[in-house]
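# Coordinate analysis (summary)
Single-letter residue listing:
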Amino acid sequence: RKVNATAYLRHKTIEFRQHSGTTEYEKISNWISFLAKLVQYSENNVLTDNVATIEEIPFLTRSEKQYFIERRAALN
């Protein structure tokens, strides 16, 4: 599972498992920002349509989207 919601019962947290381990600041910073914005956005919003591309993620800035687009290209 990528999101471990069952951890909430034991630890009162939700565990995100999408990212591999890293010591690279840029990766860590962007991942933390993404998760913080995802949680904040989810508090007050509900997506009514599927988000199929990075460009469609409503809570990311243009530069954040560009970072993830470049990461996707580097991994392909």
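Notes on the structure in this doc start here.

Let's shift gears to the overall build of the chain. Of regular secondary structure, the chain possesses 3 helices and 2 strands. Moving toward the C terminus, one meets the helices and strands of the chain in the order β-α-β-α-α. The principal-axis extent of the C-alpha atoms belonging to the chain is close to 35 × 35 × 20 Å. Of the contacts made within the chain by residues no fewer than 6 positions apart, 22% connect residues no fewer than 24 positions apart. With an accessible surface of roughly 6,300 Å², the chain has 52% of that area assigned to carbon and sulfur atoms. Counting 11 positive and 9 negative side-chain charges, the chain places the averaged centre of each group 8 Å from the other.

Further remarks concern the nonpolar core. Residues Trp31, Phe34, Leu35, Ile54, Ile57, Phe59, Leu60, Tyr67, Phe68 and Ile69 constitute the largest nonpolar core, which totals 10 residues. Counting residues per element, the ones that place at least two in this core are α2 (25–44) and α3 (62–75). Among residues more than four places away in sequence, those in contact with Phe59 are Phe34, Lys37, Leu38, Tyr41 and Glu64.

On to the side chain of Asn30. By secondary structure assignment, the location of Asn30 is in helix α2. Separated by 2.8 Å, the side chain of Asn30 and the backbone oxygen of Glu26 make a polar contact.

Reading guide: rules and limits
Residues numbered from 1 in each chain as written. Predicted model: local features only at pLDDT ≥ 70, side-chain atom pairs only at ≥ 80, totals over all residues. Heavy atoms only, no water. Helix = DSSP H or I, 4+ residues; strand = E, 2+ residues; numbered from the N terminus. Contact = heavy atoms within 4.5 Å. Areas by Shrake-Rupley, 256 points an atom, 1.4 Å probe, with all protein chains shown as cover. Lys, Arg positive; Asp, Glu negative; His and termini not counted. Charge placed at Lys NZ, Arg CZ, Asp CG, Glu CD. Core = buried A, V, L, I, M, F, W, Y, C linked by side-chain atoms within 4.5 Å. Buried < 20%, exposed > 50% of the residue type's maximum accessible area, 1.4 Å probe, protein only. Polar contact = N/O pair within 3.5 Å; in protein donor to acceptor, adjacent residues only side chain to side chain.

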